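Structural characterization, general
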Amino acid sequence: EPVVLPRLRERPEDLHALFTERLAREGLRARGRPVGIDPHAFARFVEYPFEGEERELEMLVQLLVVYASSDTICVADVEHVLARHGSPSSGTWSDAR
């Protein structure tokens, strides 16, 4: 019997760990050093309405690292990426909390 894993937005308790792991990996891959995220920027990220699949999360993290104006992602960086590359839907990460 196949294992059914709920959508990522339905398990917000996993979001921070998955985001942090992907951010660390992508920072090293793209910039050769760790990249962090401002707590306010992360709060903005989790409130944006999008589907919330893990592949989408990975793509958005990659874009955040590329577009970030420094080694710490700020709210403006998140808004820039989400405005251009997010895929709005009916729910948000925080709706599932």
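Every value quoted in this text rests on a predicted model; they were computed, and no experiment measured them.

**Looking at the pattern of salt bridges**
Applying the stated criterion to the full structure yields 12 salt bridges. When the shortest N-O distance is used, the salt bridge between Arg29 and Glu26 registers 2.6 Å. Placement of the pair is Arg29 and Glu26 together in helix α1 (residues 12–31), with a separation of three residues, close to one helical turn. On the accessibility criterion, Arg29 (60% relative accessible area) is exposed. Residues Asp71 and Arg31 are paired through a salt bridge, measuring 3.0 Å at the closest nitrogen-oxygen approach. With Asp71 in the loop between α3 (54–67) and β2 (72–73) and Arg31 in helix α1, this pair connects stretches of sequence that are 40 residues apart. Overlapping salt bridges bring together Arg11, Asp14, Glu21, Arg22, Arg25, Glu54 and Glu58 as one network.

**Describing the packing of aromatic side chains**
This structure, assessed with the given rule, holds three aromatic pairs. Their ring planes at 65 degrees and their centres at 5.1 Å tell us that Phe19 and Phe42 sit as a pair that is edge-to-face. Separated by 23 residues along the polypeptide, Phe19 in helix α1 and Phe42 in helix α2 (residues 39–47) bring together distant segments of the chain. Like Phe19, the residue Phe42 is buried in the burial classification. Ring geometry for Phe42 versus Phe45: centroids 6.5 Å apart, planes at 25 degrees, classification stacked. Here the residue Phe42 and the residue Phe45 both occupy positions in helix α2, the gap between them amounting to three residues, near one helical turn. Exposure class is identical for Phe42 and Phe45. Each is buried. Taken together, the ring pairs in this structure connect Phe19, Phe42 and Phe45 into an aromatic cluster.

Scoring rules and cut-offs
All residue numbers here refer to positions counted from 1 along the written sequence of the relevant chain. With the structure being a predicted model, the display of local features is reserved for residues of pLDDT at least 70 and the display and counting of side-chain atom pairs for 80 or more, all residues being used for whole-chain, interface and lining totals. Derived side-chain values reflect all non-hydrogen atoms in the structure, with water molecules and hydrogen atoms excluded from consideration. A pair is scored as a salt bridge if a Lys or Arg side-chain nitrogen falls within 4 Å of a carboxyl oxygen belonging to Asp or Glu. Counting from the N terminus, the helices are DSSP H or I runs at least four residues long and the strands are E runs at least two residues long. Three exposure classes are used, based on accessible area relative to the maximum for each residue type with a 1.4 Å probe and protein chains only: buried under 20%, partly exposed in between, and exposed over 50%. Centre distance within 6.5 Å is the pairing criterion for rings of Phe, Tyr and Trp, where only the six-membered ring of Trp is used; planes under 30 degrees apart are then read as stacked, over 60 as edge-to-face, and the remainder as tilted.

On their own, these measurements won't tell you what the molecule is for.
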